[in-house]
Amino acid sequence: MQINPYLFILPRTPGQIVWNYKDHTQHELDLDYSSRLAQLIHNPELYDNDNIIDTQLLNAGILTTSTINSPAWGWDELSKIYHIGTRNIPCEHIPKNIHEWARQYLEHCNEVLASSAPAHDMADRITGGRIALPSPSAPKDDSLSNALIRRKTCRSFTGSPIRLRDVGSLLYLTLGYLREREDDCDDSIAEGLDVRRSSPSGGGLNACEGYLLIQNVEDLAPGVYAYHPAEHALSLINRSPDTALGNLLGGQHFINNLPLGLFITARFDRLWWKYPHSRAYRMAFVEAGHLSQTFQLAATALGMNTWLTGAFTDDQIDTLLQLENGNEQPLFFVGCGESDGQAMCQEMRDLLRGTPA
Ligand SMILES: Cc1cc2nc3c(=O)[nH]c(=O)nc-3n(C[C@H](O)[C@H](O)[C@H](O)COP(=O)(O)O)c2cc1C
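Caption draft 1: Just the sheet that holds strand 2 (residues 7-12), in detail. Sheet architecture is open: three strands sit in the order 2-3-4, paired in antiparallel fashion. Looking at the sheet topology across the chains shown, the edges are occupied by strand 2 and strand 4 (25-29). Strand-to-strand twist in this sheet, taken as the mean axis angle between neighbours without regard to direction, amounts to 20°. Note: strand 3 (residues 15-20) against strand 4, five bridges, orientation antiparallel. Note on strand 4: the bridge partner recorded for Asn20 is Thr25.

See below:
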């Protein structure tokens, strides 16, 4: 008999909450159950099949007869609980198609809007005088300003193919190790940490990696590809998923025809190597955010529109990207393609207008 390794216990007078953070289940134990669990934690061999508390603890998965191996983890328990506890969130009903998605999302928005949003209270909180700033006057031909102003999240793509040349530019500008920066490093930079991307990287580790999901790119077969930032090259690592993209991304079927998507992952083992404190866990997400924004600006500058999400079931994406040992984890997804520029898909617009979808 063993204690399930994915538990933490919260004191909540008069009982204890035993939380299985992997299976997302909680059990409230009274004093008898808590005391018995304490005995079993001390010595699992005391398990007694004739003791009803023991059998209930076993049935609840708090005790287990099978050996459950904990994955490698280089930070403390706090970040491990948070990380595993936010993976594979059970969803009662994942929309199977765009109409289901539109109805479910509208219902959710209506529930949220039933209570008023927390105020943006900066103006009330900081009452001191204001220093007026000059009006923004970016020159019209400034491509960065244009990309910043034109970037928007679109949920209605045409599905038209993307040119391979544009994919090359997009990946190089987002994730590539910049050849233009090769000579721009000084002696203080340790060997192996001297490559540079267009986005900053925590500790210069470039812990984030990118995997392309290709659905419609000219001269590139659909499938899943790993991007090699030093070689500026792709490797095919898996065939296309055998399900619609929306099924992998939280039921958001409006992006089923997105021609290209990028999964941004983080090599936690690289971060563990340099930064032993779990605060570095936050940095992985910040770095992914930088890359996501750079991708969106580059895609916008190339004349495309973009969409992004963190809504996926981690295990499914691990399998798709062939990430096997937990050292590398998917964090975010960003995609691009030709769009009619609408922030919302037609099905949702119809629903809002009362037209039957
Ligand atoms: C961290 C993050 C997660 C997001 N997740 C989703 C998502 O799952 N689905 C979606 O349609 N949009 C998603 N968005 C896009 C936002 O809804 C969008 O940025 C917001 O409505 C503002 O619109 P804009 O991007 O056009 O300025 C996400 C944005 C961020 C930054």
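Caption draft 2: Region of the structure containing the environment of Cys185. Tracing the backbone through its elements, the reader meets Cys185 in the loop between helix 7 (164-174) and strand 6 (208-214). The class for Cys185 is partly exposed, based on 13 C-beta atoms found within 10 Å. Cys185 sits 146 residues away from Leu331 along the chain, and the two C-alpha atoms are 29 Å apart.

Caption draft 3: Fine view of the packing of helix 1 (residues 31-42) against helix 2 (residues 52-59). Contact geometry of helix 1 with helix 2 gives a least axis separation of 10 Å together with a crossing angle of 80°. Classified by the angle their axes make, helix 1 and helix 2 are roughly perpendicular. Together, Asp32, Tyr33, Arg36 and Leu37 of helix 1 and Ile53, Asp54 and Leu57 of helix 2 make up the contact between the two elements.

Caption draft 4: Structural context of the packing of helix 7 against helix 10 (residues 280-301). Across the interface, helix 7 lies against helix 10 with an axial gap of 9 Å and an inter-helix angle of 145°. Read as a crossing pair, helix 7 and helix 10 show a hand that is right-handed. Note on element contacts: helix 10 touches helix 7 through Leu291, Thr294, Phe295, Ala298 and Ala299, opposite Ser169, Leu170, Leu173 and Thr174. For the contact of helix 7 with helix 10, a count of residues per class yields six nonpolar, three polar and no charged.

Criteria and thresholds
Think of each chain on its own: its residues are numbered from 1, step by step along the sequence as written. Predicted model: local features are reported for residues with pLDDT of at least 70 only, side-chain atom pairs are reported and counted for 80 or more only, and whole-chain, interface and lining totals are derived from all residues. The rule for pairing is simple: two strands pair if DSSP sees at least two bridges between them. The way it works is that DSSP assigns letters per residue, a run of H or I at least four long becomes a helix, a run of E at least two long becomes a strand, and they are numbered from the N terminus. Helix axes use the C-alpha atoms of the stretch in contact, all axes being lines fitted to C-alpha atoms, and the angles between their N-to-C directions lie in the range 0 to 180 degrees. Every C-beta atom is placed from the backbone, and the number of other C-beta atoms within 10 Å of a residue's own sets its class: buried at 20 or more, exposed at 12 or fewer, partly exposed in between. Angles are sorted into four bins: roughly parallel if under 35 degrees, roughly antiparallel if over 145, roughly perpendicular if 65 to 115, and oblique for all others. Whether two residues are in contact depends on their C-beta atoms, placed from the backbone: they are in contact if these lie within 7 Å. With the far helix as reference, a near helix turned anticlockwise by less than a right angle produces a left-handed crossing, and one turned clockwise produces a right-handed crossing. Residues are sorted three ways: Asp, Glu, Lys and Arg are charged, Ala, Val, Leu, Ile, Met, Phe, Trp, Tyr, Cys and Pro are nonpolar, and all the rest, Gly among them, are polar.

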